[in-house]
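Residues per chain, in single letters:
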Amino acid sequence: MALVLNEEQQLLKDSAAGFLAEKATVEHLRALRDSRSETGYDADVWAETAEMGFTAMVVDEAYGGVGFGMVGAGVVAEEMGKNLSASPWFASSVVAADLINSMASDTQKEALLGPIVEGSNIVTLAVDEGGHHDPEGISARAEKTDGGYKLYGLKSFVPDAHVATQYLVVARTSGSAGDKSGLTVFLLDRGTQGLIVDQSIMADSRNWGRLTMEGVAVTSDAIIGSVDDAFTPLDKTLDKARVVIAAELLGISRACFADTMEYLKDRKQFGVAIGTFQALQHRAAHLFSDIELAHSSIIKALQAADADSPALATLASVAKAKACQVAELATNEAVQMFGGIGMTDECNVGFYMKRARIAQALYGDYNFHAGRYADLRGF
Amino acid sequence: MSDHETFRQETRAWLEGNCPQSMRSPILGEDDACWGGRGFVFKSDDQKLWLERMASRGWTTPTWPTAYGGGGLNKTEAKILKEEMRKIKARNPLNSFGISMLGPMLLKYASEEMKQQYLPDIVQGKIRWCQGYSEPGAGSDLASLQTKAEDKGDHYLVNGQKVWTSYADKADWIFCLVRTDFDAAKHLGISFLLFDMASEGVSTKPIKLISGNSPFCETFMDDVKVPKGQLVGEAGQGWTYAKYLLTHEREMISEMGSGAAKSVGEIAMELSPTSEGRLRDPILRGQIAAHEIDYASFVATVERVRDEAKAGGGVGAASSTLKYYGTELNKDRSELMLKVGGSDALEWEGQYSGEGKVARTWLRTKANSIEGGTSEVQLNIISKRILGLPSS
Ligand SMILES: Cc1cc2nc3c(=O)[nH]c(=O)nc-3n(C[C@H](O)[C@H](O)[C@H](O)COP(=O)(O)OP(=O)(O)OC[C@H]3O[C@@H](n4cnc5c(N)ncnc54)[C@H](O)[C@@H]3O)c2cc1C
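Remember, it's a predicted structure, so these values are computed and weren't measured experimentally.

Undergrad: Looking at this model, I keep getting lost on the overall build of chain A. Mind explaining?
TA: Tallying secondary structure elements over chain A gives 11 helices and 10 strands in all. Taken over the C-alpha trace, chain A has a radius of gyration of 21 Å; the compact-globule value for 379 residues is 21 Å, and the two agree within 12%. Dimensions of chain A, computed from the C-alpha atoms along their principal axes, are close to 80 × 50 × 40 Å. Burial analysis of chain A (379 residues in total) assigns 59% to the buried set. Taking the contacts inside chain A whose residues are at least 6 apart along the sequence as the reference set, 75% of them involve residues at least 24 apart. Approximately 14,200 Å² of chain A is accessible, and the part contributed by carbon and sulfur atoms is 52%.

Undergrad: Please explain the interface of chain A and chain B as it appears in this structure.
TA: The parts lose accessible area when they come together, and the size of an interface is often stated as this lost area. In this assembly, 38 residues from chain A lie in contact with 45 residues from chain B. Of the roughly 3,400 Å² buried at the junction of chain A and chain B (both faces included), carbon and sulfur atoms supply 57%. Contact with chain B buries surface across chain A, with Gln336(A), Met343(A) and Asn367(A) losing the most and accounting together for 21% of the total. On the surface where chain A and chain B come into contact, there are six salt bridges. One can count 27 residue pairs in polar contact (both at pLDDT 80 or more) joining chain A with chain B. For the side of chain A that touches chain B, the secondary structure elements donating two or more residues are strand 6 (195-201), helix 8 (278-306), helix 9 (312-338), helix 10 (349-361) and helix 11 (366-377) of chain A. Ranked by residues supplied to the side of chain A that touches chain B, first place goes to helix 10 of chain A with six residues.

Undergrad: Looking at this model, I keep getting lost on the confidence of the model for chain B. Mind explaining?
TA: Interpretation of the predicted coordinates at a detailed level should be avoided for regions scoring low in pLDDT. Per-residue confidence for chain B gives a mean pLDDT of 95; residues scoring 70 or more make up 99%. This complex was scored by the predictor with a pTM of 0.96 and an ipTM of 0.96.

Undergrad: Got a minute to help me understand the site of the ligand in this structure?
TA: Arg267(A), Ser134(B), Ser140(B), Trp164(B) and Thr374(B) are the nearest of the 28 residues found near the ligand. Near the ligand, the surrounding residues are drawn from chains A and B. With respect to the ligand, the side chain of Ser166(B) contributes an N or O atom lying 2.7 Å from a nitrogen atom. The contact in question runs from a nitrogen atom of the ligand to an N or O atom on the side chain of Asn380(B), over 3.2 Å. Isolated, the ligand exposes 970 Å² of accessible area, and the fraction of that covered by the protein chains is 95%. Contributions of two or more residues to the shell around the ligand are made by helix 9 of chain A together with strand 3 (155-166) and helix 11 (375-386) of chain B. Here the element with the most residues in the shell around the ligand is strand 3 of chain B; it accounts for three residues. Split into classes, the residues belonging to the shell around the ligand amount to 11 nonpolar, 13 polar and four charged.

Undergrad: What's the story with the nonpolar core in this structure? I'm lost.
TA: General note: in soluble globular proteins, nonpolar side chains tend to be found buried as a group. Grouped together as the largest cluster of nonpolar side chains are 143 residues, with contacts concentrated most on Trp89(A), Phe90(A), Leu125(A), Leu151(A) and Leu168(A). Top contributing element to this core by residue count: helix 7 (residues 231-266) of chain A, with 18 residues. When residues no more than four places from it in sequence are discounted, the contact partners of Phe90(A) are Val95(A), Ala241(A), Val244(A), Ile245(A), Leu362(A) and Tyr363(A). Phe97(B), Met114(B), Tyr241(B) and Leu246(B) belong to the second-largest nonpolar core, a separate cluster that totals 41 residues.

Undergrad: Is there a simple way to explain the environment of Gly364(A) in this structure?
TA: Residue and element names in this part refer to chain A. With respect to the helices and strands, Gly 364 occurs in the loop between helix 10 and helix 11. Assessed through its relative accessible area of 1%, Gly 364 is described here as buried. For Gly 364 and Asp 128, which are 236 residues apart along the polypeptide, the C-alpha to C-alpha distance reads 10.0 Å. The residues touching Gly 364, leaving out its near neighbours within four places in the chain, are His 133, Lys 320, Cys 324 and His 369.

Undergrad: Can you help me understand the environment of Val216(A) in this one?
TA: On the secondary structure map, Val216(A) appears in strand 7 (residues 207-219). Beyond its immediate stretch of four places on either side in the chain, Val216(A) contacts Tyr149(A), Lys150(A), Leu151(A), Leu188(A), Thr192(A), Gln193(A), Gly194(A) and Leu195(A).

Undergrad: What am I meant to see in the domain arrangement of chain A here?
TA: All names here are of chain A. For chain A, the assigned domains read domain 1 (7-122), domain 2 (125-224) and domain 3 (231-376). The C-alpha centroid of domain 3 is placed 29 Å from the C-alpha centroid of domain 2. Taken together, the 15 residues of domain 2 in the interface contact 12 residues of domain 3. Across the interface of domain 2 and domain 3, roughly 1,400 Å² is buried in total on both sides, 76% from carbon and sulfur atoms. By the criterion of area lost to domain 3, the three top residues of domain 2 are His 133, Phe 157 and Asp 204, representing 34% of everything that side buries. Scanning the region where domain 2 abuts domain 3 turns up one salt bridge. Where domain 2 packs against domain 3, one counts two residue pairs in polar contact (both at pLDDT 80 or more). For the side of domain 2 that touches domain 3, the per-class residue count stands at 10 nonpolar, one polar and four charged.

Undergrad: Can you help me understand the side chain of Ser156(A) in this one?
TA: Within the element layout of this structure, Ser156(A) appears in strand 3 (residues 148-159). Setting aside chain neighbours within four positions, we find Ser156(A) in contact with Asp128(A), Glu129(A), Gly130(A), Gly209(A) and Arg210(A).

Undergrad: Looking at this model, I keep getting lost on helix 9 of chain A. Mind explaining?
TA: Residues lying three or four places apart along an α-helix face the same way, a consequence of the helix completing one turn every 3.6 residues. Residues and elements named next belong to chain A. Here helix 9 contains 27 residues, and its C-alpha end-to-end distance of 38 Å stays within 8% of the 39 Å for a straight helix at 1.5 Å per residue. Counting buried positions along helix 9 gives 22 out of 27 residues, so the element sits mostly inside the fold. Where helix 9 ends, the next residue or the one after it, Gly 339, has phi of about 70°, a positive value.

Undergrad: Can you walk me through helix 10 of chain A in this structure?
TA: Residues and elements named next belong to chain A. The first and last C-alpha atoms of helix 10 sit 19 Å apart over 13 residues, in line with the 18 Å expected at 1.5 Å per residue. Most of helix 10 is tucked away, with 13 of its 13 residues classed as buried. Following helix 10 by one or two positions, Tyr 363 has its phi on the positive side, about 55°.

Undergrad: I keep staring at a nonpolar patch on the surface and nothing clicks. Help me out?
TA: All names here are of chain B. Residues Ile 386, Leu 387 and Leu 389 make up a contiguous nonpolar surface patch of roughly 280 Å² in combined accessible area. When you line up the elements, Leu 389 lands in the segment after helix 11. Residue class for Leu 389 comes out partly exposed when judged on its relative accessible area of 45%.

Undergrad: Where do I start with the pairing of strand 5 (residues 190-196) of chain B in this structure?
TA: Moving residue by residue along a regular strand, the side chains alternate between the two faces of the sheet. Residues and elements named next belong to chain B. When you tally the buried positions in strand 5, you get seven out of seven residues, the bulk of the element. Where strand 4 (residues 173-179) lies against strand 5, seven bridges are found, and the strand directions are antiparallel. Following the sheet pairing, Trp 173 is matched in strand 5 by Asp 196.

Calculation criteria
- Residues numbered from 1 in each chain as written.
- Chains lettered and ligands numbered in written order.
- Predicted model: local features only at pLDDT ≥ 70, side-chain atom pairs only at ≥ 80, totals over all residues.
- Heavy atoms only, no water.
- Helix = DSSP H or I, 4+ residues; strand = E, 2+ residues; numbered from the N terminus.
- Rg over C-alpha atoms; globule rule 2.2 N^0.38 Å.
- Buried < 20%, exposed > 50% of the residue type's maximum accessible area, 1.4 Å probe, protein only.
- Contact = heavy atoms within 4.5 Å.
- Areas by Shrake-Rupley, 256 points an atom, 1.4 Å probe, with all protein chains shown as cover.
- Buried area = accessible area lost by both parts, 1.4 Å probe.
- Salt bridge = Lys/Arg side-chain N within 4 Å of Asp/Glu carboxyl O.
- Polar contact = N/O pair within 3.5 Å; in protein donor to acceptor, adjacent residues only side chain to side chain.
- pLDDT = per-residue confidence, 0-100.
- Near = heavy atom within 4 Å.
- Nonpolar A, V, L, I, M, F, W, Y, C, P; charged D, E, K, R; others polar.
- Core = buried A, V, L, I, M, F, W, Y, C linked by side-chain atoms within 4.5 Å.
- Domains from an automatic or database assignment.
- Expected span 1.5 Å × (residues − 1).
- Patch = residues over 30% accessible without salt bridge, like charges linked within 9 Å, V, L, I, M, F, W, Y side chains within 5 Å.
- Pairing = 2+ DSSP bridges.

See the structure below:
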């Protein structure tokens, strides 16, 4: 498949770009932060995001989706990254939607996907338990009871936790931390007895939270997929999520780079534009080349996801690792090349830098994916 | 017993008897340091006592002459003092731009009268200084500064704007670069003035940093009258003094990352997954090892460069190498700290993360390779002055 967007995908990109650049920009994020918005996003813009169809990318057409698949999600994510658009889109419309779409029963899909696509229900996946992404290391546990399960444990770094209405919680039904088998996905409703949701305020001024489960009782209907066998399908959803968040990192890198290039042309020192200095030119040219590489690895992985290719895991790790590396460089170079201005809150590059590190950490940072790549390649 | 051995033993005993217990722990950040000055509120009685005791011996400025309140120590003694302080984890009693920047320049270039007037207050931490160098149009190209000082007979009339002035809102006095001659070549029209921040016509406006804190300001001078006696050295020679001061500033900034209680590797063993006594992430392990190898070599370089420097002088052009390497390493350390802590390190508010300590520190380090002259400027200086490469 050609590593370019087809006509429809290009139209999608243009419409996402236009919509987000108007409605959900860095300035909007700044305003949400400064007003200490309780929800962390604008409900009207979120409703419009759904009306525009962006929430329907990864859902099968039978359940109200538009069938754009992961390439579509990646295209939107890149634009979200460029604008630092604050919304539960990634958590609910991509990650939770894909997990349900690929793991749930028909009845569950029937019940759950429509409201996700409409944006009226916000669902989020709770997988991590500490500072480091480690799905095999999950130790939250679900104990069998008469007619159901009781869940115990902690989940951290849960996107949009405090605005979500439902949680996809990965817990252990057997085995112990480190085992791939023994994991099961449960759907918990917000407000269920014993489920405590705490908001965490993170560097990116977006929505994060922790879940504490103190014996949350659920019936077996709450299980998504099969008992003990969640790891493989979960990891596949995570792989798609990793590539989509990589696309967001690409958007961040591109926007940050564009701001930097503009500054290199504008700012004068020693009587000339600072972009005249070869020391900066070469670094800019290097960074540009690096961003192009990240872009290619991401399209390749997005297409692999839609083609259900067995190479997805490897390509996802390549894409996420590369995107992490490039975003780190792009944001660091931006601050450095802006000089004193780059250190100020008034300048947008700080916002890009903070969001980038969060997106880098989400579902595995550079090191996680470099290590995973080596494992997958067998060296 | 050699003189130095005697000095070491006496110093050790004095420190043991005089350094309060609570001052024997690393400073936790800019807020936790003692900055002195007219309006400084001490964090604790111990902090005040420690400053007073050290200042009474001149050990806030160990190598400055006793005539100005300094410790009068020679280089070897000063090194011993530092080593002995480090052994008991004694804090630096006073963080001060007067000590790390202005003082060394005054010692070299100011009149005797001026030294008598300003240095003792720096030693005692009575006056807090800020640095008025950068302007909106004059950053890396500092010599293009436009703040104007007109000669009005007995005083200069100063008008203009400075920017990024660290702690201008907390400082008592400013050392300020001004242009006294607009006709001279740009490096030759600059003069070096000292004035009280409470002078009429001086105002400051804090600027918020990406870390959420506001340690620096815009500083405005609107018809500020500065008595002639507050001109350092000669008019038109300010650039020479300014550059010399910068070598001291750079040496200071190069060490901003030093003195942490624990190495990155040690912290990683606490915060990152381990197995069988090693970090589980082999890549992180390699990255930290590479960092610590560079850091150990850097620390040895700082020591070597200082040992090679002439007594009383600074490290000269080598300050650019130290500044470049030290600040890049400090940024690298902070990025590693994010990797070590993972998402936990990115929390911004809340007790869990000490109100975002790691994340805010990480963001603050980004300035290290900008303040005091950017990394690019340091590399230019190394290329030009140390390597003697032709300029374009
Ligand atoms: C936290 C902080 C505290 C500070 N405190 C003070 C203070 O107390 N007092 C004070 O006077 N100033 C202070 N500064 C200002 C600091 O000295 C300047 O920010 C610095 O000199 C860079 O100037 P600039 O910000 O104008 O960047 P610019 O000079 O505009 O530089 C922008 C970019 O261009 C690059 N560049 C410029 N010229 C060249 C060249 N010839 N070759 C290659 N690259 C080049 C720079 O390296 C940088 O990457 C502080 C700055 C910070 C961030």
